[in-house]
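Coordinate analysis (summary)
Listed below are the residues making up each chain.
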Amino acid sequence: MAAGWEPRPSTDADGAEWRPVLDVPPPGRQRRWTVFLRWLLLLPQFVVVAVLSIAAFFVTVVGWFSALVLGRLPDPIFSFLGSVLAYQTRVTAAAALLVDRYPPFAFDAPDYPVRIELRATPLNRLAVLFRLILMIPAAIVSSLAQSGWLAISWVFWLIGIVLGRLPEPVFGATAAVVRYRMRLTAYTTMLTPVYPKGLLGDAPGAAAQPAHSATRPLRLSTAAQVLVWLFLLLGLAGHLTSGTVNYDTTDDDYRAAAATRTAN
């Protein structure tokens, strides 16, 4: 992760728009007992992430005002928010069974297999001003994908216990959701001016580049892309069902109250 204000190109060598990068090693063998107890083992990490998220919220507010004035994030804010995002991403990747190694309780973890790369680039002040509105479509997509993944994560958990690893389609689809969430958070916290993309993997041009890791570039097989679509559909179904249940409950309460008034 780049630290400090070192202006870097906002495009790749071929002129393509540069987006925050997630590096995860290829899927490998995992210890079945750590898969079985994964979320229990990560409980202390979830507490740390929750505390860091609260701190990051207030720092983001300060960063928003600063970015409106400067057209970029100040060095300390960029460094802190970037470090928090890297920490969150490491914990998320471990919880999603992408890696078997326990994430360290540290901002700086150069030896950990999950890494992100951020570039300190200038920000468009108008886009910063309307950031909360602009992020809504991507936030909806990310929420649906995460909800859908959670709905069937128990299946992946069982697969991990039985096989001691994640099959390639499951690994790829899960990595795509984790990367999209990371990019959304980077955009929301103004660590990047680039709108989050790539939920279905990288474009053919980017995917043809030499591989630095299993997720740079992120090449999704047809089965992995089908799984991503399944996540979105399950997430949408879950939200619709939840909305229907809430509506029906409210309607029942209204009818009950009306009946009570009539009886009185």
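Let me begin by describing the structure that accompanies this report.

Points about the overall build of the protein chain
- Secondary structure summary: the protein chain contains ten helices and two strands in total.
- Going from the N terminus to the C terminus, the protein chain shows its helices and strands as β-α-α-α-α-β-α-α-α-α-α-α.
- A fraction of 76% describes how many contacts in the protein chain between residues 6 or more apart in sequence connect residues 24 or more apart.
- On the protein chain, roughly 13600 Å² of surface is accessible, and the fraction owed to carbon and sulfur atoms is 68%.

Describing helix α4 (residues 75-95)
- Here α4 spans 30 Å end to end across 21 residues, near enough to the 30 Å set by a 1.5 Å rise per residue.
- Across the 21 residues of α4, 17 count as buried, placing the element largely inside the fold.
- A positive backbone phi angle near 70° is found at Leu97, which sits one or two residues after α4.

Section: the pattern of salt bridges
- A complete count under the given rule lists seven salt bridges for this structure.
- For the salt bridge of Asp100 with Arg38, the shortest nitrogen-to-oxygen distance reads 2.9 Å. With Asp100 in the loop between α4 and β2 (115-117) and Arg38 in helix α2 (residues 38-41), the pair connects residues that are 62 residues apart, well separated along the chain. As far as burial versus exposure is concerned, Asp100 and Arg38 are alike and both buried.

A few points about the nonpolar core
- Counting 60 residues, the largest nonpolar core has Leu73, Leu98, Leu191 and Phe231 as its most contacted members.
- Beyond its immediate chain neighbours, meaning those up to four positions away, Leu191 contacts Leu73, Phe78, Leu81, Gly82, Leu85, Leu118, Arg119 and Ala186.

Here we look at the packing of helix α3 (residues 43-70) against α4
- One way to put it is that α3 packs onto α4 with a least axis distance of 9 Å and a crossing angle of 150°. As α3 packs across α4, the resulting crossing turns out to be left-handed.
- Here the contact of α3 with α4 is composed, by residue class, of 15 nonpolar, six polar and no charged.

With respect to the environment of Ala109
- Structurally, Ala109 can be placed in the loop between α4 and β2.
- Measuring from C-alpha to C-alpha, the distance between Ala109 and Tyr87 comes to 8.7 Å, with 22 residues separating the pair along the chain.
- Excluding residues within four positions of it along the chain, Ala109 makes contact with Arg90 and Pro104.

Details of the packing of helix α7 (residues 136-163) against helix α8 (residues 168-188)
- Contact geometry for α7 and α8: axes closest at 10 Å, N-to-C directions at 145°. Both α7 and α8 take part in a crossing whose hand is left-handed. Of the residues in α8, those touching α7 at Ala138, Ala139, Val141, Ser142, Ala145, Gln146, Trp149 and Phe156 are Val170, Thr174, Val177, Tyr180, Arg181 and Leu184.
- Residue composition of the contact of α7 with α8, grouped by class: ten nonpolar, three polar and one charged.

Describing α3
- Taking 1.5 Å per residue, 28 residues should reach 40 Å; α3 reaches 39 Å between its end C-alpha atoms and fits that length.
- Where α3 is concerned, the buried positions are Gln45, Val49, Leu52, Ala56, Thr60, Gly63, Ser66 and Ala67.
- In the core, the buried residues of α3 are packed alongside α4, α5 (125-129) and α8.
- Looking at the residues trailing α3, positive phi occurs at Gly71, about 75°.

Concerning a nonpolar patch on the surface
- Together, Leu126, Leu129, Phe130, Ile133, Leu134, Ile136 and Ile140 give the surface a local cluster of nonpolar side chains, amounting to about 650 Å² of exposed area.
- Contributions of two or more residues to the nonpolar patch are made by α5, α6 (131-134) and α7.
- Take Ile140: it is sitting in helix α7.

Side note on the packing of aromatic side chains
- Applying the stated criterion to the full structure yields ten aromatic pairs.
- Aromatic pair Phe80 and Phe107: ring centres 6.1 Å apart, planes at 85°, arrangement edge-to-face. Taken together, the residues Phe80 in helix α4 and Phe107 in the loop between α4 and β2 connect sequence positions 27 residues apart.
- For Phe80, a relative accessible area of 25% translates into the label partly exposed.
- The exposure class assigned to Phe107 is partly exposed, which follows from its relative accessible area of 37%.
- The residue whose ring lies beneath Arg131 is Tyr187, and the NZ or CZ to ring-centre distance is 4.0 Å.

Considering the environment of Val114
- In this fold, Val114 is placed in the loop between α4 and β2.
- Expressed as a C-alpha distance, the spacing of Val114 and Thr89, which sit 25 residues apart in the sequence, is 7.8 Å.

Quick notes on the rules
- Residues numbered from 1 in each chain as written.
- Predicted model: local features only at pLDDT ≥ 70, side-chain atom pairs only at ≥ 80, totals over all residues.
- Heavy atoms only, no water.
- Helix = DSSP H or I, 4+ residues; strand = E, 2+ residues; numbered from the N terminus.
- Contact = heavy atoms within 4.5 Å.
- Areas by Shrake-Rupley, 256 points an atom, 1.4 Å probe, with all protein chains shown as cover.
- Expected span 1.5 Å × (residues − 1).
- Buried < 20%, exposed > 50% of the residue type's maximum accessible area, 1.4 Å probe, protein only.
- Salt bridge = Lys/Arg side-chain N within 4 Å of Asp/Glu carboxyl O.
- Core = buried A, V, L, I, M, F, W, Y, C linked by side-chain atoms within 4.5 Å.
- Axes fitted to C-alpha atoms, helices over the stretch in contact; angles between N-to-C directions.
- Left-handed = near helix turned anticlockwise from the far one by under 90°.
- Nonpolar A, V, L, I, M, F, W, Y, C, P; charged D, E, K, R; others polar.
- Patch = residues over 30% accessible without salt bridge, like charges linked within 9 Å, V, L, I, M, F, W, Y side chains within 5 Å.
- Phe/Tyr/Trp six-rings, centres within 6.5 Å; stacked < 30°, edge-to-face > 60°.
- Lys NZ or Arg CZ within 6 Å of the ring centre and 35° of its normal.

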